[in-house]
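Observations on chain architecture
The primary structure of each chain is shown beneath.
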Amino acid sequence: MTTTDQDIPGQLATLPDELTSDPDWLADSRKESRKAYNASDLPIRSVHLWRYTDPALFLHSNGSAPVAESNADIPAYTEALSKFSDGSLSALALDNACRTFEIKIAQAAAKNTPVVMTLRQAAIERPDLVQSHLGSLVGAQFGKFEALNMALWSDGIFIYIPKGAKLAEPIHLLRSGSSGEAWSYGRTLIVADEDSEVTLIDEYFSANAAISGKSNNVVELIGLSRSNIHYFAIQRNNLNSLSFYTQRSVLHDSAKTTTVFATLGAKQHKADVGTVMKGRRTESLQYGLVFGSGKQQFDHHTVHINQGANGYSNLDFKVVLKDKAHSAYTGLIRVDKHVQNCEAYQSNRNLLLTRGARAESIPELEILCDEVICTHGATVGPIDEMQLFYLMNRGIPKNEATKILVRGFVEPTLALMPDSLQGQIRRHVDQRLETL
Amino acid sequence: MSNKSNKALLHLTDVSVTVENKQVVRGLSLTIKAGEIHALMGKNGSGKSSLSNALMGHPYYTISAGSAELMGQNVTELQADERSRAGLFLAFQYPQAIPGVTVANFMRSALIAHRGKEADMRGYRKELFAAMDELEIDRDFAGRYINDGFSGGEKKRLEILQLFLLQPTMAILDETDSGLDIDALKIVAAGINKFHTAKNGILLVTHYQRILDYVIPDYVHVMIDGNIVKTGGPEVALELEEGGYEVFQPAKTAVGA
């Protein structure tokens, strides 16, 4: 008896018809990726990066296509549109379940105007910019579920920041996940050309607060020489949703990036994020801010790969958990052979607000050269008793003092974000702390 | 001074304090009335700070015997925050750093807790800045994180700033003078004198006579091995300065204050 791909749960038998209109090079890449996905084994639970999350959760399921709800009914979209109207955004992309898009770009001098379009449109109109970069960081060989994304991404956003362009205002990507049983697969490619500077707000949310959604998103950031990318990713999906997220940046000579990942939502969120410091004299600052409650489960992996001399990387990953929430964090610093004079720092701090909350922290160092300064540290524990005592000593009740300390814990990370985002996350954290 | 006056702000009777099952204060008695400044002097390890911390409700220190009353109320029945709102204040020997929490937000929360209402922000700012100016604290400190990267002197001045704003009835100042240069000491002493009125009481815990040149105590107590061995006027501090604690050492039986 022969088995076909169709018979095996999670296998991807065919690519949907709707994806066949892509240019040949892209259609071929999808086919290869499908094969790679089907051919690769399900990751084994005992191995690296899959100890804390069941990989079977992320297998493809042949449900009906994701449902995009009407943009007009979604308050977050209305809000973002008014932010765009009052001139506080360089561009706005509303992405509804990777199905329908609304893109707006502010009027500016041509040299400071970014290209923002859907990725599939870009594949047709700007293959010069897309073909060489798409999948270069997170391709079919990256991992089973990244291959799945590479085969099935229904669409996403493409952004190109021209040479020397310095965007005064952020570009905001606002994406609602799908509702229902079907997975949504989104892919984003951002190319910052030489000497450019941009701030990106990449926000994921659930348009429908109750219905579970499943999303597999990939984001690739290309920082060409001397570019400076500020990237803020916020995941605030509803608590029924499942989220798989992979992000990589590459930095060429003297490029810089500051990335902040705020994970607030989802029932289960698995993320693999990182920077490949390919050029010389690059700088990568990575921050994480995780807030979990109820039975939320987070599994984050961060990566700094130093391939060029005189690089500087710093990572500060903070986690706050209450109720029975769980977080696993693994952070890798790799310094390749013959890479001299680099500095790499890493810190992971976990604040547990209740007895039932749990956090694991595993720092990993792979240093293959001599001249390097590298430190890492991890802490897991409750609110500092002495800090609590200090605040209570000034008359502040224990519950309020605890909230002040949690806010203080996250504040230095929030302070790095654009103002509008700071306010939003502060309100979110306050709301979650109400039931402490 | 140990008579049970209605005006007693702090009334300690045979108080013992334990930390990690070790007794560090042994049956100490002390009464502080409104309008009085008491200096409590002793060497390191004599139990001064343990007493201060236990009175304030530090989680590691327990009042294991005796009674401690704050304006007639048994303090051991109160949580640390309740003690503060009841009018007790401790200026810490080693103030905590709290990164992420600004001085301004912290003080605002403390004032709201004390006054029981949302403080008028404009009025609050004025109040905060006035107190900062008085203590020669740069106004920029309002936006800095609590004691984060502060020098020793700056930390102590921040403690006095809190004393100013919260206006406690009974203030315990635990080695507020240590780590201060002479200029900072004068500013802090002036702040303490300005705070002091006929309605409040101060317990000044110190190693050295130095601060007593600027803040004149009504009573000086010498503490050795967990109890007060000598009580007198400011002259006791001068005796100490001259002869050291050795002069008071042999007294093994507790002298009631």
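The shown structure was predicted, so the numbers you read here are calculated from the model rather than taken from an experiment.

This part takes up the overall build of chain A. For chain A, the helix and strand inventory stands at 8 helices and 19 strands. Rg of the C-alpha trace for chain A: 21 Å, near the compact-globule value of 22 Å for 436 residues, within the 12% margin. When contacts within chain A are restricted to residue pairs at least 6 apart in sequence, long-range pairs at least 24 apart make up 81% of them. As presented, chain A carries roughly 17,100 Å² of accessible surface, and 50% of it is formed by carbon and sulfur atoms. If the 43 positive side-chain charges of chain A are averaged to one point and the 49 negative ones to another, these points end up 4 Å apart.

Okay, the interface of chain A and chain B next. When the parts come together, some accessible area is lost, and that loss is often what is quoted as the size of the interface. Residue-level contacts link 19 residues of chain A with 32 residues of chain B. A combined buried area of about 2,000 Å² lies between chain A and chain B, and 67% of that area is made up of carbon and sulfur atoms. Among the residues chain A hides against chain B, the three largest losses belong to A:Phe389, A:Tyr390 and A:Arg394. Together they make up 37% of the total. Remark: the boundary between chain A and chain B carries 1 salt bridge. As a salt-bridge pair, B:Glu159 and A:Arg394 come within 2.6 Å of each other at their nearest N and O atoms. The interface formed by chain A and chain B includes 12 residue pairs in polar contact (both at pLDDT 80 or more). Going through the elements one at a time, helix 6 (385-392) and helix 7 (398-414) of chain A are the ones with two or more residues in the side of chain A that touches chain B. Looking at which element gives the most residues to the side of chain A that touches chain B, the answer is helix 6 of chain A, with 7 residues.

Moving on to the side chain of A:Ser293. Inspection of the secondary structure puts A:Ser293 in the loop between strand 13 (283-292) and strand 14 (297-306). Setting aside residues up to four positions removed in sequence, A:Ser293 forms contacts with A:Lys322, A:Asp323, A:Ala325 and A:Arg432.

Before going further, it helps to spend a moment on helix 1 (residues 48-56) of chain B. For helix 1 of chain B, a buried count of 9 out of 9 residues is recorded, marking the element as mostly surrounded by other parts of the structure. Once helix 1 of chain B finishes, B:Gly57 follows within two positions and takes phi at roughly 95 degrees, a positive value.

Turning to the packing of aromatic side chains, a few remarks are in order. Residues and elements named next belong to chain A. Inspection of every chain in the model, using the stated rule, returns 18 aromatic pairs over all chains. Ring geometry for phenylalanine 58 against phenylalanine 244: centres 4.9 Å apart, planes inclined by 55 degrees, an arrangement best described as tilted. Taken as a pair, phenylalanine 58 in the loop between helix 1 (24-39) and helix 2 (75-85) and phenylalanine 244 in strand 10 (residues 242-251) lie far apart in primary sequence, 186 residues in all. Ring geometry for tyrosine 204 versus tyrosine 245: centroids 5.9 Å apart, planes at 75 degrees, classification edge-to-face. A residue pair is termed long-range when its members are at least 10 positions apart, and tyrosine 204 in strand 7 (residues 197-205) and tyrosine 245 in strand 10 qualify at 41 residues. One exposure class covers both tyrosine 204 and tyrosine 245, and it is buried. Within the aromatic cluster, the residues linked to one another by ring pairs are Trp50, Phe58, Phe145, Trp183, Tyr185 and Phe244. Taking the ring centre of tryptophan 50 as reference, the NZ or CZ of lysine 270 above it sits at 4.4 Å.

Attention now goes to the domain arrangement of chain A. Residue and element names in this part refer to chain A. Per the domain assignment, the segments of chain A are domain 1 (5-279) and domain 2 (384-436). Placing a centre on the C-alpha atoms of domain 1 and another on those of domain 2 gives a separation of 31 Å. Contact with domain 1, which involves 10 residues of that partner, is made by 10 residues of domain 2. Looking only at domain 1, the three residues that lose the most surface to domain 2 are Phe232, Val260 and Leu264, adding up to 50% of its buried area. For the pair domain 1 and domain 2, the interface holds 0 salt bridges. Joining domain 1 to domain 2, the criterion identifies 2 residue pairs in polar contact (both at pLDDT 80 or more). Secondary structure elements with two or more residues in the side of domain 1 that touches domain 2: strand 7, strand 9 (228-236) and strand 11 (256-263). Classifying every residue of the side of domain 1 that touches domain 2 gives 6 nonpolar, 1 polar and 3 charged.

All right, on to the pairing of strand 12 (residues 268-277) of chain A then. All names here are of chain A. Within strand 12, 10 of the 10 residues are buried, which leaves the element mostly enclosed by the surrounding structure. Of the two faces of strand 12, the one carrying Gln268, Lys270, Asp272, Gly274 and Val276 and the one carrying His269, Ala271, Val273, Thr275 and Met277 are both buried. Here strand 10 runs beside strand 12; their pairing, made up of 10 bridges, is parallel. If you follow serine 249 over to strand 12, its bridge partner there is threonine 275. Note that strand 12 and strand 14 share 10 bridges and pair parallel. Residue pairing in the sheet places histidine 269 in a bridge with phenylalanine 298 of strand 14.

The subject of this paragraph is a negative patch on the surface. Taken together, the side chains of B:Asp213, B:Glu235, B:Glu239, B:Glu241 and B:Glu242 make up a negatively charged region of the molecular surface. Here B:Glu235 falls in the partly exposed class, since its relative accessible area comes to 44%.

In protein structure, a disulfide is the covalent linkage between the sulfur atoms of two cysteines. Residues and elements named next belong to chain A. All chains considered together, the criterion is met by 0 disulfides over all chains. Cysteine 342 forms no disulfide, and the closest cysteine sulfur to it belongs to cysteine 369, at a distance of 5.5 Å. Given the relative accessible area of 1%, cysteine 342 is considered buried.

The next thing to look at is the pattern of salt bridges. Tallied over the entire structure, the rule returns 26 salt bridges over all chains. Linking A:Glu400 and A:Arg407 is a salt bridge whose minimum nitrogen-to-oxygen distance equals 3.9 Å. Across the salt bridge formed by B:Arg139 and B:Asp133, the nearest N and O atoms sit 2.7 Å from each other. You can call B:Asp133 partly exposed: its relative accessible area is 39%. Connected through salt bridges with shared partners, the residues A:Asp22, A:Arg30 and A:Arg120 form a single ionic network.

Let us look at the environment of A:Ser227. Residues and elements named next belong to chain A. Take serine 227: it is sitting in the loop between strand 8 (214-223) and strand 9. Taking the relative accessible area as the measure of exposure, serine 227 reaches 1% and is therefore buried. Sequence spacing of serine 227 and valine 198 is 29 residues, and the spatial spacing of their C-alpha atoms is 8.4 Å. Discounting chain neighbours no more than four positions away, the residues touching serine 227 are Ala192, Asp193, Asp195, Ser196, Ser254, Ala255 and Lys256.

Basis of the calculations
Residues numbered from 1 in each chain as written. Chains lettered and ligands numbered in written order. Predicted model: local features only at pLDDT ≥ 70, side-chain atom pairs only at ≥ 80, totals over all residues. Heavy atoms only, no water. Helix = DSSP H or I, 4+ residues; strand = E, 2+ residues; numbered from the N terminus. Rg over C-alpha atoms; globule rule 2.2 N^0.38 Å. Contact = heavy atoms within 4.5 Å. Areas by Shrake-Rupley, 256 points an atom, 1.4 Å probe, with all protein chains shown as cover. Lys, Arg positive; Asp, Glu negative; His and termini not counted. Charge placed at Lys NZ, Arg CZ, Asp CG, Glu CD. Buried area = accessible area lost by both parts, 1.4 Å probe. Salt bridge = Lys/Arg side-chain N within 4 Å of Asp/Glu carboxyl O. Polar contact = N/O pair within 3.5 Å; in protein donor to acceptor, adjacent residues only side chain to side chain. Buried < 20%, exposed > 50% of the residue type's maximum accessible area, 1.4 Å probe, protein only. Phe/Tyr/Trp six-rings, centres within 6.5 Å; stacked < 30°, edge-to-face > 60°. Lys NZ or Arg CZ within 6 Å of the ring centre and 35° of its normal. Domains from an automatic or database assignment. Nonpolar A, V, L, I, M, F, W, Y, C, P; charged D, E, K, R; others polar. Pairing = 2+ DSSP bridges. Patch = residues over 30% accessible without salt bridge, like charges linked within 9 Å, V, L, I, M, F, W, Y side chains within 5 Å. Disulfide = S-S within 2.5 Å.

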